[in-house]
Amino acid sequence: MTVSTLSSIPQIEKILQQAFISPYIERLSRPVVTDIVREQVQAYKKKHLRDPEGVPFSLEQLYHYIEQACWLVNRQRLQRVINGTGVIVHTNLGRSPIDAELWQSVTEVNTHYNNLEIDLATGKRGKRKGMLQQLMQYLVKGEDTLVVNNNASSIYLMLHELAKGKEVIVSRGEQIQIGGGFRIPDILALSGAKLVEVGTTNITTTQDYLDAVTENTAMVLLVHTSNFKIRGFTESPDVKELAQALPEHVILAVDQGSGTTTESMPDEPTVASYIQAGADLVCFSGDKILGGPQAGLVTGKQPLIKQLEKNPMMRAFRPSRIVYSLLEELVVRKLNQLESGQGVAESKNTQPEAVLEQRAQQLAEGFGEQLQVVRSEMTVGGGSLPDQNDPSWSVEISPENGRYKRSAEKLLEVMRNWPLAVIGVIKHDKVQLNMATISDSEIPYLRGQLAEVLQ
Ligand SMILES: *Cc1c(COP(=O)(O)O)cnc(C)c1O
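Report follows, based on the coordinates.

About the cut-offs
- Residues numbered from 1 in each chain as written.
- Predicted model: local features only at pLDDT ≥ 70, side-chain atom pairs only at ≥ 80, totals over all residues.
- Heavy atoms only, no water.
- Salt bridge = Lys/Arg side-chain N within 4 Å of Asp/Glu carboxyl O.
- Helix = DSSP H or I, 4+ residues; strand = E, 2+ residues; numbered from the N terminus.
- Buried < 20%, exposed > 50% of the residue type's maximum accessible area, 1.4 Å probe, protein only.

### Structural notes on the pattern of salt bridges
Then, in step 1: One pass over the full model with this rule turns up 16 salt bridges.
Then, in step 2: Arg38 is the salt-bridge partner of Asp35, the closest N and O atoms lying 3.3 Å from each other. Linking Asp35 with Arg38, this pair stays in helix α4 (residues 30–50), spanning 3 residues, or about one helical turn.
Then, in step 3: Here Asp35 falls in the partly exposed class, since its relative accessible area comes to 41%.
Then, in step 4: For Lys129, the salt bridge identified is with Glu309, shortest N-O distance 2.8 Å. Remark: Glu309 occurs in helix α14 (residues 302–309) and Lys129 occurs in the loop between α7 (107–111) and α8 (132–140); sequence separation between them is 180 residues.
Then, in step 5: According to the relative accessible area criterion, Lys129 is buried, its value standing at 7%.

### Points about unusual backbone geometry
Then, in step 1: The backbone of Asp267 shows a phi angle near 75 degrees, a positive value even though the residue is not glycine.
Then, in step 2: Structurally, the position occupied by Asp267 is in the loop between β9 (251–257) and α13 (271–277).
Then, in step 3: Exposure remark for Asp267: the relative accessible area of 67% places this residue in the exposed category.
Then, in step 4: Non-glycine residue Gln337 carries a positive phi angle of around 55 degrees.
Then, in step 5: Assignment of secondary structure puts Gln337 in the loop between α16 (321–335) and α17 (344–349).

Note that every value here comes from positions in space, so none of it alone points to a role or purpose.
This is how it looks when you write it as structure tokens:
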């Protein structure tokens, strides 16, 4: 191929006007796509100049490369996926999706000016929290509540403000790591508090805590062991007994984690239950079982909450009006027992098994041996109810097509590359899609995509 054929490649500007490009410009922005096109044209020219006798020049081929490159970049953009894992609150998949009705209902306040920091009664500067304190009194029984960006910030704030330079007693069995590198002992060290370990991995009693208390003790911190469970011979103190036995100067703080309030999660102590047992402060995430936006909430005794709010880090941790508006709306809906206030964990965890089985049958229908309806399990996830799996139904994929037959990993990858990516799991060397986290409206799409792969 000659240099003159190469010069028949259209100008970058002309390529950008091609129909296949416009959705990518919309998704990725014009400058990003322009650079991709320029890079691909240059690479294509270079290849042909190096090997002029090789594959003949083809504009179609060049456009194909450009589209591929755009598509690869697009995959990095935050986008919807279908969750076929059966893990309802999946940290890698954005934790709790926010109810669509709830999301709609905060549009106006977020797309207009609002009273975020002005008191409409006096016209003076007001508090960011709006009605949240009041609403949370009904929901979790805490006298006062504050909001930060995530639960890790809640813990840091409590320790930094109330226990810096002092001792914090934590059970050996509760010095846990949550997800990616968030370790209770590390955050304690970072906050300037001194960790005092008590008990053993499986047994910690009220007396263990009491024996460890000194004049310099600021806090006893109970941590929900959210991502594992020790079974068998175990003991942890009764919170009420501990709350009563601790001397006045020691704050009893609980990292409850999941934010369980009105949801029917057996074995998951609610935030309110800790408050009612006498905990001074309880902190939890907004986007786990609570079902709201990413946030950390601390609730409990008003003087302590007020003190926490004065900490200079509060400025760094304070969430946006988007978070406040969603939380207020969520709590109102919870208190009014609306379905849209349930949170995804509650709504998905309470789906009848028969519905899941039916959904699996709908997906598998007509695919013969290639799609099998099988029993499976779902889990709430997100660091809640670590030991609890509820029955679910899945569709197991056994492709006859040799290309995918060899490796379940290959098939998982193919599904991630679908226009709407699907995240499946591998069980017994086969890909499964768990119906607990898939909705009826997603079934037709899945059937269409699977038909393409399996035929
Ligand atoms: C999830 C979790 C955290 C961390 O919460 P983030 O909102 O992710 O910062 C801390 N403690 C417990 C017990 C948890 O379950």
